[in-house]
Amino acid sequence: MGGVPGAGDAGDAAGGRTARTAATAAEGPEAAPADGASADAVRVGVLPADALQTGAVPADAVRREAVAADARASVSSRAHGANGAAAGGRPSGRRDRHGLEMSGLGSGAAGDAAATWYESAVDSLLFFRGDVAESVAELRRLAPGAPLGQVFAAYLGLLGTEQSQAAAARQEFARFRAAADDGARTAREQAHLTAAAAWLDGNIARAGAVLREIAVAWPRDALALVVGHQIDFFTGNAAALRDRIAGALTAWDEEDPHHGPLLGMLGFGLEESGHYARAEETARAAVERHPGDVWGIHAVVHTLEMQGRFAEGIRFLDARRPEWGAGNMMAVHNWWHYALYALEAGDTRRVLEVYDAALDPAVTSGLALELLDASSLLWRFHLGGDDDRAAVGDRWAPLADAWAARGDGPHYAFNDTHAVMAYLGAGRVREAEALLADRKEWATHSHPGVTNHAMTAEIGLPVCRALLAFTQERYEDAVDLLFPLRGRFATFGGSHAQRDAVQRTLLEAALRARRLDLARALLSERLALRPTSPYNWLGQARLADAVGRSALAATARERAAALAAPGRSSTQDVGPAAAEGAVPGGEVAR
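Residues numbered from 1 in each chain as written. Predicted model: local features only at pLDDT ≥ 70, side-chain atom pairs only at ≥ 80, totals over all residues. Heavy atoms only, no water.

Right, let's talk about the overall build of the protein for a bit. When its secondary structure is counted, the protein shows 31 helices and two strands. By the burial criterion, 57% of the 590 residues in the protein qualify as buried. Nonlocal contacts in the protein, meaning residues at least 24 apart in sequence, comprise 69% of its contacts between residues at least 6 apart. A total of about 20,900 Å² of accessible surface is found on the protein, and carbon and sulfur atoms cover 53% of it. (Helix = DSSP H or I, 4+ residues; strand = E, 2+ residues; numbered from the N terminus. Buried < 20%, exposed > 50% of the residue type's maximum accessible area, 1.4 Å probe, protein only. Contact = heavy atoms within 4.5 Å. Areas by Shrake-Rupley, 256 points an atom, 1.4 Å probe, with all protein chains shown as cover.)

Put into structure tokens, the structure is as follows:
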């Protein structure tokens, strides 16, 4: 889940401000791979030639294949030499720690210092440390002509899904390209420049494809791997989340300090692809190598979430709070996961303590990826009964204010849906409708190559309309909007755990609309995937009540209560402040 401060945020980054990212699936049919057949299968001729005509391959797979072919041409037309000799025939002679050539760093002590700052930036990005922007700024100061410094800054301006940061990065990158010496860069650097330019122009799909081709030609390019991994998350491509890293791993020495973070990324990709046992094994191996690998911790947390092992997840996070709870760019998101575990256990008090200490916009930096987590958590209360909604109190209003203060335009549809959640939760329907109207108007125009256009038109707008319909108690309309899309939610980004807020909206709307056959099917799917989820059993109890089977309802509630009990904790202190010291006392109930 990649939330990274923009290139202009070195001060906030150095202070350990928190952002984050993430990848793909919830319960139900979306748990299957995103596409019926992957673009790679089309590429190598595994599928029959008429598959495209018969619809056996989804249209987005066809689009991805075209983008990938373009990316391969872009890289192969320039690449020569295992390490990418300079495109203009002028190699720099300086290589990074993984043996990959870099240009523009300069000679002597200044060049050595610039190289050190590049290595520091890569290391910080892999471990989600807040000083990454500061390191990139120093690299650019010492070596303003180094392509990798400018590319790195562009990536930082994009990874947070912040429209303002992206716009600033686009301007800086354009100035560099206008003055750059095209003949002095390596083929690998040229490919990075192509990827960065594509993403800055809104074509995140092409950027991801070019970075994949870099990883094929230069599998030890850590920057290409980590940025590509985040792009796979932003585009909801679970197979690529897994395969991009898996395809490079054998080129790495297992003793390399950066092999561990790659395992964390692979673990997350395996989880999003449904390989839970292998995902957990891989992610735990990453954390064993580096206890402070917060992305690896995050990958373990996801595997436990997807298996309904929430009590174990609480214990896992409690035991490692000093490593993940503060001072890194994943802290807010991992606290969100902690809150989800507590919510599954029915520990409302603890959930709201976590919200107030770690997710409330008053205590975060107000980045989109932080506000997104806050909206997603409170929306789960919004879907509940009167007591759940009352428990939220006045928390919605400041969150809606924080979204409104951003003034975002159409930049990333996944963010838009969470802004709408905040407006609706705060009772500010007009603001939700205004956002919808703006995105609808934007989506009616052609935006060639802009990935967010399809995300908005095909998924974002219908989901936002469904959220509005649900809040207005038009439950039939909410079902009609969401049900046809339920297997495609991944295509506008997020992880399975994140998108479950939308899946729950569909289930709740079906129950309230008395679409009981559909509710039964949805609950049956959820229980098949996570039979240890109290939430799923409580839904089963409500369904049983609706069809007059009171004994079955009582049994389901008893099952939910028994499953929830181990997840309740007596620990009182939560949030980043508690995480800075030793793990607080109070054993988790077992």
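As a working rule, side chains carrying opposite charge can pair if their charged atoms are close by. Overall, the coordinates contain 34 salt bridges when judged by the stated rule. Residues Glu-280 and Arg-309 are paired through a salt bridge, measuring 2.6 Å at the closest nitrogen-oxygen approach. Here Glu-280, found in helix 14 (residues 276-289), pairs with Arg-309, found in the loop between helix 15 (294-306) and helix 16 (310-318); they are 29 residues apart in sequence, far enough to count as distant. Looking at Glu-280, the relative accessible area reads 13%, which means it is buried. When the shortest N-O distance is used, the salt bridge between Arg-321 and Asp-318 registers 2.9 Å. (Salt bridge = Lys/Arg side-chain N within 4 Å of Asp/Glu carboxyl O.)

Attention now moves to the packing of aromatic side chains. For the structure on display, the rule yields 13 aromatic pairs. Look at Phe-470 and Tyr-475: their rings are 5.2 Å apart centre to centre, the planes differ by 65°, and that puts the pair in the edge-to-face class. A single burial state applies to Phe-470 and to Tyr-475, both of which are buried. Taken together, the aromatic side chains of Trp-199, Phe-233, Phe-234, Tyr-412, Phe-414 and Phe-492 make up a single cluster linked through ring pairs. (Phe/Tyr/Trp six-rings, centres within 6.5 Å; stacked < 30°, edge-to-face > 60°.)

With 14 residues, helix 10 (residues 204-217) extends 20 Å from end C-alpha to end C-alpha; this agrees with the ideal 20 Å at 1.5 Å per step. Three or more residues of helix 10 are buried, namely Ile-204, Ala-207, Gly-208, Ala-209, Val-210, Leu-211, Glu-213, Ile-214 and Ala-215. (Expected span 1.5 Å × (residues − 1).)

This brings us to unusual backbone geometry. In the Ramachandran plot, Phe-128 falls in the positive-phi region, its phi being about 55° despite a non-glycine side chain. Overall, the relative accessible area of 3% leaves Phe-128 in the buried class. Even without a glycine there, the phi angle at Thr-161 is positive, about 55°. Note on placement: Thr-161 falls in the loop between helix 7 (147-159) and helix 8 (163-179).

Mapped onto the elements, Ala-454 comes out in helix 25 (residues 451-471). Linking Ala-454 and Ala-413, residues 41 residues apart in sequence, is a C-alpha distance of 9.3 Å.

Quick look at the side chain of His-418 now. Examined against the element boundaries, His-418 turns out to sit in helix 23 (residues 413-425). Beyond its immediate stretch of four places on either side in the chain, His-418 contacts Leu-372, Ser-375, Ser-376 and Trp-403.

Structurally, Leu-352 is set in helix 19 (residues 348-359). On the basis of relative accessible area, Leu-352 is assigned to the buried category, the value being 8%. As for Leu-352 and Arg-395, which are separated by 43 residues in sequence, their C-alpha atoms are 9.6 Å apart. Once residues within four sequence positions are removed from consideration, Leu-352 is found in contact with Phe-381, Ala-391 and Arg-395.

Overall, the prediction assigns the protein a mean pLDDT of 85, with 80% of residues at 70 or greater. Across residues 1-59, confidence stays below pLDDT 50; counting only partners more than four residues off in sequence or on other chains, it has 182 contacts. (pLDDT = per-residue confidence, 0-100.)

The next thing to look at is the packing of helix 24 (residues 429-443) against helix 25. Helices that pack against each other are described as a pair by the angle of their axes relative to one another and the distance between those axes. Between helix 24 and helix 25, whose axes approach to 10 Å, the crossing angle comes to 155°. With respect to helix 25, the axis of helix 24 lies roughly antiparallel. When the axes of helix 24 and helix 25 are compared, the crossing they make is left-handed. In contact with Val-429, Glu-433, Leu-436, Arg-439, Lys-440, Trp-442 and Ala-443 of helix 24, helix 25 contributes Asn-452, His-453, Thr-456, Ala-457, Leu-461, Cys-464, Arg-465 and Leu-468. (Axes fitted to C-alpha atoms, helices over the stretch in contact; angles between N-to-C directions. Parallel < 35°, antiparallel > 145°, perpendicular 65-115°, else oblique. Left-handed = near helix turned anticlockwise from the far one by under 90°.)

Grouped together as the largest cluster of nonpolar side chains are 163 residues, with contacts concentrated most on Phe-152, Trp-199 and Leu-359. Here the element with the most residues in this core is helix 25; it accounts for 10 residues. Aside from chain neighbours lying at most four places away, what touches Phe-152 is Tyr-118, Ala-121, Val-122, Leu-125, Val-132, Val-136 and Leu-223. Residues Trp-537, Ala-541, Ala-560 and Leu-563 belong to the second largest nonpolar core, which totals eight residues. (Core = buried A, V, L, I, M, F, W, Y, C linked by side-chain atoms within 4.5 Å.)

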